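Understanding the architecture of this molecule
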Amino acid sequence: MKDAATMASPAALASPDAYADAVATAVRAAAAYYADGSTPLGDDEYDALVRAIEAYEAEHPQQVLPESPTGKVAGGAAVGDVPHSVPMLSLDNVFSAEELESWAAGLERRLGRPVAAWCVEPKLDGLAVAARYRAGRLTQVLTRGDGFAGEDITHAADAVLGLPGRLTEPVDIELRGEVLLTQEQFEHANAVRSEHGATPFAHPRSGAAGTLRAKDRPYRIELTFFAYGAVGLPGLDHGELLDRLAVLGANTAAGTAADPRRCTTLDDVRRRIDAIAALRDALPFGIDGVVVKADALADQEEAGSGSRAPRWAVARKLQAQHKVTRLLGVEWNVGRTGIIAPRAVLEPVVIDGVTVTYATLHNPADIERRGLMIGDQVFVYRAGDVIPRVEAPLVDERTGAEQPIAFPQACPRCGDAIDTSEQRWRCVRGRGCQAVASIVYAAGRDQLDIEGLGGTRAVQLVEARLVADLADLFTLTREQLLTLERMGECR
Ligand code: IVH
């Protein structure tokens, strides 16, 4: 398989071989994604790859491979055998304000009139499910699968908050929405998994996918459901439908900072998209875009749907906050208080417009929990001002050339012992470590060249509280120095 960066560029698909390689990569990524939420590609790379495949197929329609992911729900990765009552469609994507504008113009041309109103809502980054209710009682939950048939995951329903076992009215309906791990649920899930010796989830979506399909786990992980549609509640505009779902007891995005809003002009739509995008890092759940829907039922019905997606809704995708890159090394830095913190050195990767070269790894126990190795392909997460962090290795992508991460045997700054009794390792000198190291360095031949001021003396000075930092060297008195052990008058 070629590297994602080369594959992602449409220019790379200049030959039938490059196209076939790209299709194979995309099929493999889609299969992994829909099986357990993992993927050897980041979302941005997958989207770019599919666009490159589409561009090639538009130029060479006679060469289109049957397994190509284009035009298929779930990229053709079919999972599950329970037929859906009504197909579970996907959404077309737009990647800029201009693409959104031309999509909206296309819809209005098809309708022959302006869209009556829009509904703008978060694109929740989880897994689509259909939840069937008979007389108000939950009877079956299905994954989307290939859009026509899904997998029965009713066993997981109890752990899904916001998906009530009983609605407030005895209706026969099917809720449609997204199941995800909120940020808090994700962190809790990884703590629980660590306690049970399981590898942490790479990111919330793969955690949600794995949790929904898992059976017989010795621990419970809670998830959250957000409804964004339904089958069996006719005659309602989209905003009205969301209100009705909330009345029936389903959780919706209403009440969150990114609540669905009705917008009457495309300018309002654009402003609301920007507002939701700006809120993204502060939301308690992950979003990978903003969905724009024609609100009026009449507009939806007249626009209809294609085989893969409705014509009345579109996803304005946001840049992925998770990217895959390579772990090149680990640096160990000693902080002011003597904490020895590992830092990942990464093959530079652009995440949401920022080049990321370093990421936090928390502590040695965390490295072991995640089972990281030098040379691994890793998922890196970056959002807003948050320090980028390495989430997990892509174990299936290993080549055998990966190397274990060497943990320091002595303090990398002052060379003294390390206290490993806590999760966060610390130089036994604590705050003194920095002082000792900086004094030894400053006294060195190429700096101040202070004869007789080496490691042992520096330790004595710090321990005697005569010197806390470099500046104190200049105000030391002869009397103070004479108080130190093995320090006497020159004869
Ligand atoms: S509407 C017929 N609304 O995004 C309408 N989908 O990439 C189809 N998604 O399969 C879906 N948030 O799993 C809709 N507010 C939202 C959504 C949403 C997330 C997911 C859904 C869909 C996928 C398409």
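Residues numbered from 1 in each chain as written. Predicted model: local features only at pLDDT ≥ 70, side-chain atom pairs only at ≥ 80, totals over all residues. Heavy atoms only, no water.

Most of strand β8 (residues 173-180) is tucked away, with eight of its eight residues classed as buried. Pairing of strand β4 (residues 127-134) with β8, which is carried by seven bridges, proceeds in the antiparallel orientation. Residue pairing across strands places Ala 130 opposite Arg 176, the latter belonging to β8. Where β8 and strand β9 (residues 223-231) come together, seven bridges link them in antiparallel fashion. Of the residues in β9, the one forming a bridge with Glu 178 is Phe 226. (Buried < 20%, exposed > 50% of the residue type's maximum accessible area, 1.4 Å probe, protein only. Helix = DSSP H or I, 4+ residues; strand = E, 2+ residues; numbered from the N terminus. Pairing = 2+ DSSP bridges.)

For the rest of this paragraph, the subject is the packing of aromatic side chains. Throughout the structure, instances matching the rule amount to six aromatic pairs. Their ring planes at 50° and their centres at 5.8 Å tell us that Trp 103 and Trp 118 sit as a pair that is tilted. Of this pair, Trp 103 sits in helix α4 (residues 97-111) while Trp 118 sits in strand β3 (residues 118-124); the two residues are 15 residues apart in sequence, bridging distant segments of the chain. Of the two residues, Trp 103 and Trp 118, both sit in the buried class. Residues Phe 226 and Phe 285 carry aromatic rings whose centres are separated by 4.9 Å and whose planes lie at 55° to one another, so their mutual orientation is tilted. Linking Phe 226 in strand β9 with Phe 285 in the loop between α8 (266-279) and β11 (287-294), this pair joins segments that are 59 residues apart in sequence. Accessibility classification places Phe 226 together with Phe 285 in one group, the buried group. Above the face of the Phe 95 ring, Arg 51 is positioned so that its terminal group lies 3.9 Å from the ring centre. (Phe/Tyr/Trp six-rings, centres within 6.5 Å; stacked < 30°, edge-to-face > 60°. Lys NZ or Arg CZ within 6 Å of the ring centre and 35° of its normal.)

Here we take up helix α3 (residues 43-59). Between its first and last C-alpha atoms α3 spans 25 Å; for 17 residues at 1.5 Å apiece the expected length is 24 Å, and the two agree. Summarising burial for α3: twelve of the 17 residues are buried, a large majority. Residues of α3 that are buried include every one of Asp 43, Asp 44, Glu 45, Tyr 46, Asp 47, Ala 48, Leu 49, Val 50, Ala 52, Ile 53, Tyr 56 and Glu 57, and no others. (Expected span 1.5 Å × (residues − 1).)

Time to look at the site of the ligand. Near the ligand you find 14 residues, and of these Glu 121, Leu 124, Arg 144, Glu 178 and Lys 293 are the closest. A distance of 2.7 Å separates an oxygen atom of the ligand from a polar side-chain atom of Glu 178. A distance of 3.2 Å separates an oxygen atom of the ligand from a polar atom in the side chain of Tyr 228. Across the complex, the protein chains shield 87% of the 520 Å² of accessible surface that the ligand would expose by itself. Taken together, the elements giving at least two residues each to the shell around the ligand come down to β3 and β11. When residues in the shell around the ligand are grouped by element, the largest group, four residues, is from β3. Looking at the shell around the ligand residue by residue, the classes come out as eight nonpolar, one polar and five charged. (Near = heavy atom within 4 Å. Polar contact = N/O pair within 3.5 Å; in protein donor to acceptor, adjacent residues only side chain to side chain. Areas by Shrake-Rupley, 256 points an atom, 1.4 Å probe, with all protein chains shown as cover. Nonpolar A, V, L, I, M, F, W, Y, C, P; charged D, E, K, R; others polar.)

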